[in-house]
Amino acid sequence: MNVRIQFIAIIIMVGLFAQCKQSQPMAVETGVSKTLADYRKQNISNVVYALHFDIPEKVLDDIKGKETIRFNLADTNHDLQIDFREASDHIKKINCNKQSVAYQFKNEHIVIPRKYLKQGENTIAIDFIAGNTSLNRNDEYLYTLLVPDRARTVFPCFDQPNLKAKFQLKLSIPSVWIAVANGAVLKKEPNANKTVYQFAMTKKIPTYLFGFVAGKFQSVTRQYKGKSYTMYHRENNVAKVDNNVNAIFQQLFQSLDWMEQYTGIPYPFRKYDFIAIPSFQYGGMEHIGATLYRASSLFLDKNPTQNQLLRRANLIAHETSHMWFGDLVTMRWFDQVWLKEVFANYLADKITNPYFPKMNHRLKFLMAHYPSSYHVDRTMGANPINQKLANLKDAGSVYGRIIYHKSPIVMRMLEGITGEQNFQKGLQIYLKKYSYSNASWEDLIAILDQLTPTDLKEWSRNWVDKAGRATVGLMLQQKNGKITNLTIQQKDSKGNDGAWNQKLQLVLGYKHGNKKIDVITNQSACLVKEAEGLPVPNFIICNGNANGYGYFQLDKQSKVYLLKHCYQINNELLRGVAWINLYENLYERNITGVNFVKAIVLQLNKESNTLVFSQMLSYLKSAYWLFLSTSQRNSIAKEVEGKLYQLLQKEQNLGRKLSLLLSLSNIAISAEMNAKLYAIWKHKTEIGKLHLSEKTLTVIACNLAIQLPRKSKEIIDTQINRISNSDRKKRLQFIAPALSDDTSVRKAFFESLSDAKNREHEPWVTTALRYLNHPTRQKEALNYLPKSLDLLEEVKFTGDIFFPYDWLNACFYSHQSAEAGRITRHFLDQHTDYPTDLRLKILQNADFVLR
Ligand SMILES: [Zn+2]
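This text gives an overview of the structure that appears in the document.

The rules we used
- Residue indices follow the written sequence of each chain, beginning from 1 at its first position.
- Where local features are concerned, this predicted model is filtered to residues with pLDDT of at least 70; where side-chain atom pairs are given and counted, the filter is 80 or more; whole-chain, interface and lining totals use all residues.
- Values shown for side chains rest on all heavy atoms present in the structure; no hydrogens or waters enter the calculation.
- The helix and strand labels rest on DSSP assignments: H or I over at least four residues marks a helix, E over at least two residues marks a strand, and numbering proceeds from the N terminus.
- In this description the radius of gyration comes from C-alpha coordinates, and the expected globular size is given by 2.2 Å times residues to the power 0.38.
- Each residue gets one of three labels from its accessible area relative to the maximum for its type: buried under 20%, exposed over 50%, partly exposed in between, using a 1.4 Å probe on protein chains only.
- Residue contacts are defined here by distance: any two heavy atoms, one from each residue, within 4.5 Å place the two residues in contact.
- Only the protein chains shown count as cover for residues, with accessible areas throughout obtained via the Shrake-Rupley method and a probe of 1.4 Å.
- The charge count treats Lys and Arg as positive and Asp and Glu as negative. His and the chain ends do not count.
- Working definition for charges: the position is that of NZ of Lys, CZ of Arg, CG of Asp or CD of Glu.
- Here, a strand pair is defined by DSSP locating no fewer than two bridges between the strands.
- Fitting a line to C-alpha atoms yields each axis, with helices limited to the stretch in contact; the angle taken between N-to-C directions then spans 0 to 180 degrees.
- Every patch collects residues that have over 30% relative accessible area and no salt bridge, joining them within 9 Å if they carry like charges and within 5 Å if they are nonpolar side chains (Val, Leu, Ile, Met, Phe, Trp, Tyr).
- The term salt bridge refers to a side-chain nitrogen of Lys or Arg lying within 4 Å of a carboxyl oxygen of Asp or Glu.
- In this analysis the probe radius is 1.4 Å and the grid spacing 1 Å, with only protein atoms considered; a cavity is a set of points the probe fits into but cannot get out of, a pocket is an open set with protein on both sides within 12 Å along at least five of seven lines, and lining residues have an atom within 4 Å of a point.
- Grid points are joined across faces, edges and corners, and a volume is the space filled by probe spheres set on the points.
- Each residue gets one label: Ala, Val, Leu, Ile, Met, Phe, Trp, Tyr, Cys and Pro are nonpolar, Asp, Glu, Lys and Arg are charged, and the others, such as Gly, are polar.
- Here the aromatic set is Phe, Tyr and Trp, taking the six-membered ring for Trp, and pairing holds for ring centres within 6.5 Å; pairs whose planes are under 30 degrees apart are stacked, those over 60 apart are edge-to-face, and all others are tilted.
- The term nonpolar core refers to a set of buried residues drawn from Ala, Val, Leu, Ile, Met, Phe, Trp, Tyr and Cys, joined through side-chain atoms within 4.5 Å.
- Only nitrogen, oxygen and sulfur atoms within 2.8 Å of the metal, or 3.2 Å for Na, K and Ca, are treated as donors, and water is left out, so sites may look incomplete.
- Note on terminology: pairs of cysteine sulfur atoms within 2.5 Å are recorded as disulfides.
- Here the expected length of a helix is defined as 1.5 Å per residue gap, with one fewer gap than residues.
- Whenever two N or O atoms come within 3.5 Å, that pair is a polar contact, provided that in protein one can donate a hydrogen and the other can accept it, and provided that, for residues adjacent in sequence, both atoms are side-chain atoms.
- When an angle is under 35 degrees it counts as roughly parallel; over 145 it counts as roughly antiparallel; between 65 and 115 it counts as roughly perpendicular; any other value is oblique.
- If the strands point away from the viewer and the path from the first strand over the helix to the second runs clockwise, then the crossover is right-handed.
- Left-handed describes a crossing whose near helix is turned anticlockwise from the far helix through less than a right angle; right-handed describes the clockwise counterpart.

1. Some thoughts on the overall build of the protein
Line of reasoning, step 1. A count of helical and extended segments in the protein gives 31 helices and 28 strands.
Line of reasoning, step 2. The C-alpha radius of gyration of the protein comes to 29 Å, within 12% of the 29 Å expected for a compact globule of 851 residues.
Line of reasoning, step 3. For the protein, the C-alpha atoms occupy an extent of roughly 105 × 65 × 60 Å along the three principal directions.
Line of reasoning, step 4. With 851 residues in all, the protein has 56% of them scored as buried.
Line of reasoning, step 5. Considering only residue pairs separated by 6 or more positions, the protein has 72% of its internal contacts joining residues 24 or more positions apart.
Line of reasoning, step 6. Summed over all atoms, the accessible surface of the protein reaches about 36900 Å², with 50% contributed by carbon and sulfur.
Line of reasoning, step 7. Put simply, the protein has 109 plus and 78 minus side-chain charges, and the middle of one group is 4 Å from the middle of the other.

Structure, rendered in structure tokens:
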């Protein structure tokens, strides 16, 4: 008895104390702020969601949801905020610890007053209507895609990656459908014209990896080492499934075996099923136990190329690597989403490359990552790999070229420093230590730092926390044709502190064989002693092993030589490096546009490697439109067009032939060449055995519509009529006004983009914007720039994660004028408190006109 009274007294005192302790009420902000997430992480633990969704057959009917959230609370100093990004009428009923709650709904949060809460275990039950934003509902199926912060659009939750929770899911679905989720099916029960699926409770997973798929699907199951694996799909072409299914499972099993062996950790979850989704937004998404893939990436057409096969193998390996990197160990916050992406990519290469021995993987890595990464890193808007993220609602802005392209380069550098074995050992320790939990890049670096003498923290401060790149130049003194002094000079391109130390390989090019010298650049000036006394070479390339990162300024002699003789370099990897360096020297105004374009035209037919060849064509297009004035372009056009047309006739390789045709169509401005292209488009002229697909003909038609304004209507109307697929027809109909010869039609189309409804098909919008801002219409396009900038915040709010960048990229596409720079500067000056993420994206895309 006594004990009981004392106990009650203590509870009352604790309660009073807790009330006295109440600090400032926590702000209820839109999105999920870092402050809220940090507070919840400290205060909330052992979260279990029991969810039940009742899915109707009709796509427009509501999905009713019931949910119980159980969790432990360390203190009750603040009201509890549960994230739910939906209209208030979607919440039907809330109970907290069996009491009905007078809750508040504010700024995408259900706020439960602290008086309903208690220390220790709490249970909140919510009846709601699920939000449709991220349910991807179709007539015969639906699937969730909740990354990065979209779980809160479907059901009320604590939507942050470091509050991992167990999920217990129940789905009621139409009887003719099937359902797949993170956990295995425990039981299936018929109920009227529905089936109720009860899934096994998951292990602790973050909200963004919770997922399910329901609908009409077929399945294929395979056994491997005593376990079942099932693929679900909607492909009705039986032969297509048969042709691919073995290879898909084989790749999956190979990837699983490799990852288990490399990490020393058996597959960390209970099952691995996967679903091929038609027109899936991404290549894949690593939902535990229910991984999603784009169907067309798995089911390849007959006789696929080596490249297609490699891409598929890589995709399966990428998603499988995520089961360890991202799913087992998750980043603490979405600012380091790059961490899971970089490992998935990096290990996928290790898994698949050995199966494609004929490919030059180092050249592929170079071309895949360096040009894209420099595209951002050379600008004033460059962002570091490690970024700041104050609110998850902005998590989309963290994604971009630096994450996808610079981080693999930096990761390879890290492995170079630690050595392969230590790198693997470090990753094993990291995975073990943080299993089913969260970890940051700093946690990993702390582990690797123990395994190597190099100061990795210092290295990471420069390569991961700092934006931009180094400028690396050469100082060469000579006497009687011999080198007397060769010094590498380096500085930060933007004059920021910190050293871009790296290991470079200098290649000194001679007529009979090249001389390689390894140099560690760890000072602003590094003397290359080994070069003293050597004959003066034809050229020097500082990043000869294709590992170096930066702007490698070419000296005068190397520049002149490479512009004429790149093709004479035997090593294709070194040729790739040389062309990237030449383009960066063009961009930094160390080479003129005319010289660069002439160099490509001169050497294109001598380039045997297809990867280098494609990169040259891509550089040709941007140099032609950006780095030539109108009069320069007019005077050089015939020569460039003629050369490309001649190569197009001669080329035997159909892939290269197609690239040549599309490039020619992109750059052709002369009446004669456009007449020839018109004949090709009309099928009056054949180009060898090259088959012109609907997609190719549409691109040519669009370019012709701009170059031949008087025929534009006829061309586009004809092309629309030619298209049989209704989705693709709608696309061209949407773009058509941007190609009109009537200025007022183009203007009205641009105005229509102010309405978010007209921006729903984002890839259509960016294509149309590129035509509106075509270099030949720059003057008119200047009128669109201010409004395009004004709309940016709204574009971010209503669009998907990649849209703001793509929008700007299309709007600034080939603007060259000082006036465009003035408009942009004026906008930035007028908006001093503009969101930093968007400001950087403007600086990245307007870089050319701001210089
Ligand atoms: Zn990924």
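Read on for the rest.
2. Observations regarding the sheet that holds strand β12 (residues 185-191)
The strands making up a sheet associate through hydrogen bonds between their backbones, and the pairing can be parallel or antiparallel.
Line of reasoning, step 1. Taken together, the 8 strands give an open sheet; going across it, the order is β5-β4-β8-β2-β1-β10-β13-β12, and neighbouring strands pair in mixed fashion. Strands with a single pairing partner mark the edges of an open sheet, and in this sheet they are β5 (99-100) and β12.
Line of reasoning, step 2. Of the strands in this sheet, β1 (44-54) and β2 (64-73) touch helix α2 (residues 34-43), which is tilted by about 105° from β1.

3. Overview of the sheet that holds strand β27 (residues 539-541)
Line of reasoning, step 1. Pairing is antiparallel across the open sheet formed by 3 strands, whose spatial order is β25-β24-β27. Lying at the two open borders of the sheet, with one neighbouring strand each, are β25 (515-521) and β27. Between one strand and the next, the sheet's axes are offset by a mean angle of 20°, whatever the strand orientation.
Line of reasoning, step 2. Relative to β27, strand β24 (residues 502-509) runs antiparallel, the two being bridged by 3 bridges. Its bridge partner lying in β27, V507 is registered against I541.

4. Comments concerning a positive patch on the surface
Line of reasoning, step 1. A contiguous patch of positive charge on the surface is contributed by K41, K166, K204 and R270.
Line of reasoning, step 2. Following the sequence through the fold, K204 ends up in the loop between β13 (194-199) and β14 (212-215).
Line of reasoning, step 3. On the accessibility criterion, K204 (35% relative accessible area) is partly exposed.

5. Quick notes on empty space enclosed by the protein
Line of reasoning, step 1. Per the stated rule, a full pass over the model turns up 6 cavities of 30 Å³ or more.
Line of reasoning, step 2. As a volume, the largest cavity reaches approximately 60 Å³.
Line of reasoning, step 3. Those elements that place two or more of their residues in the lining of the largest cavity are α2 and β3 (80-83).
Line of reasoning, step 4. Here the lining of the largest cavity gets 4 residues from one element, more than from any other, and that element is α2.
Line of reasoning, step 5. Here the residues of the lining of the largest cavity are counted per class, giving 6 nonpolar, 3 polar and 3 charged.

6. Things to note about the packing of aromatic side chains
Line of reasoning, step 1. On inspection of all chains with the given rule, the structure shows 56 aromatic pairs.
Line of reasoning, step 2. Seen from their ring centres, Y583 and F596 are 5.8 Å apart, and the 65° between their planes marks the pair as edge-to-face. Within this pair, whereas Y583 is found in helix α14 (residues 572-587), its partner F596 is found in helix α15 (residues 593-603), the two being separated by 13 residues in sequence. Residues Y583 and F596 agree in their burial class; the two are buried.
Line of reasoning, step 3. Their ring planes at 70° and their centres at 5.6 Å tell us that Y587 and F627 sit as a pair that is edge-to-face. Of this pair, Y587 sits in helix α14 while F627 is found in the loop between α16 (610-626) and α17 (630-650), placing the two residues 40 residues apart along the sequence.

7. Some remarks on unusual backbone geometry
Line of reasoning, step 1. At the junction of V147 and P148, the peptide bond is cis and its omega measures out at -5° in the coordinates.
Line of reasoning, step 2. Secondary-structure assignment places P148 in the loop between β9 (141-143) and α3 (151-154).
Line of reasoning, step 3. Phi at E108 is positive, roughly 65°, even though this residue is not glycine.
Line of reasoning, step 4. Among the secondary structure elements, E108 is positioned in the loop between β6 (104-106) and β7 (109-112).
Line of reasoning, step 5. A positive phi angle, near 65°, is found at A546, a position not held by glycine.

8. Points about the nonpolar core
Line of reasoning, step 1. Ranked by internal contacts, the top residues of the largest apolar core, which has 277 residues, are F53, I112, F155 and W807.
Line of reasoning, step 2. Other than its neighbours up to four places away in sequence, W807 contacts L753, R759, V765, T766, L769, S788, L791, L792 and V795.

9. What to know about the pattern of salt bridges
Line of reasoning, step 1. One pass over the full model with this rule turns up 37 salt bridges.
Line of reasoning, step 2. With a closest N to O distance of 3.1 Å, E588 and R469 form a salt bridge. You can see E588 sitting in the loop between α14 and α15 and its partner R469 sitting in the loop between α12 (456-463) and β22 (470-479), a full 119 residues away along the chain.
Line of reasoning, step 3. You can call E588 partly exposed: its relative accessible area is 25%.

10. Details of the coordination of the zinc ion
Line of reasoning, step 1. Bound to the zinc ion on the protein side are H318 (NE2), H322 (NE2) and E341 (OE), at distances that span 2.1 to 2.2 Å.
Line of reasoning, step 2. Sequence spacing among the residues donating to the zinc ion works out to H-x3-H-x18-E. Here H322 and H318 lie together in helix α6 (residues 306-322), a separation of 4 residues that amounts to about one turn. There is no split in this pair, since H318 and H322 are both buried.

11. Section: the state of the cysteines
Line of reasoning, step 1. In the structure shown here, the tally under the stated rule is 0 disulfides.
Line of reasoning, step 2. No disulfide involves C811; its nearest neighbouring cysteine sulfur is the one of C702, lying 18 Å away.
Line of reasoning, step 3. Its relative accessible area of 1% is what places C811 among the buried residues.

12. Focus: helix α8 (residues 361-377)
Line of reasoning, step 1. Between its first and last C-alpha atoms α8 spans 24 Å; for 17 residues at 1.5 Å apiece the expected length is 24 Å, and the two agree.
Line of reasoning, step 2. With respect to burial, α8 is a largely interior element, 13 of its 17 residues being buried.
Line of reasoning, step 3. Sitting at the amino-terminal end of α8 is N360, which places a side-chain oxygen 3.3 Å from the backbone nitrogen of R362.

13. A look at the environment of Y39
Line of reasoning, step 1. Counting through the fold element by element, Y39 comes out in helix α2.
Line of reasoning, step 2. Here Y39 falls in the buried class, since its relative accessible area comes to 16%.
Line of reasoning, step 3. Note: C-alpha distance between Y39 and D741 (702 residues apart in sequence) is 58 Å.
Line of reasoning, step 4. Y39 has contacts with M26, D75, N77 and H78, leaving out every residue within four places of it along the chain.

14. Notes on the side chain of S558
Line of reasoning, step 1. Here S558 shows up in helix α13 (residues 556-565).
Line of reasoning, step 2. Of note is the side chain of S558, whose polar atom sits 2.9 Å from the backbone nitrogen of I540.
Line of reasoning, step 3. Look past the residues within four positions of S558 in its chain and what remains in contact with it is N538, F539 and I540.

15. Description of the packing of α15 against α17
Line of reasoning, step 1. At their nearest, the axes of α15 and α17 sit 10 Å apart, and the two run at 10° to each other. On the basis of their axis angle, the class for α15 and α17 is roughly parallel. Residues V594, V597, K598 and V601 of α15 lie in contact with α17, whose contacting residues are Q632, I636, E639, V640 and K643.

16. With respect to the pairing of strand β16 (residues 227-233)
Within a regular strand, the side chains alternate between the two sheet faces.
Line of reasoning, step 1. Burial analysis of β16 places 5 of its 7 residues in the buried class, which makes it a mostly covered element.
Line of reasoning, step 2. Pairing of strand β15 (residues 218-224) with β16, which is carried by 7 bridges, proceeds in the antiparallel orientation. By the bridge assignment, Q223 is partnered in β16 with S228.
Line of reasoning, step 3. Hairpin connection of β15 to β16: 2 residues between the antiparallel strands, including K225 at a positive phi of 50°.
Line of reasoning, step 4. Each parallel crossover has a hand, and the one from β16 via helix α4 (residues 238-263) to strand β17 (residues 273-277) is left-handed.

17. Description of the packing of helix α19 (residues 671-681) against helix α20 (residues 694-707)
Line of reasoning, step 1. Where α19 contacts α20, the axes come no closer than 10 Å and their chain directions differ by 145°. Here α19 and α20 pass one another in a crossing that is left-handed. On α20, the residues touching N674, L677, Y678 and W681 of α19 are L697, I700, A701, L704 and Q707.
Line of reasoning, step 2. Partitioning the contact of α19 with α20 into residue classes produces 7 nonpolar, 2 polar and no charged.

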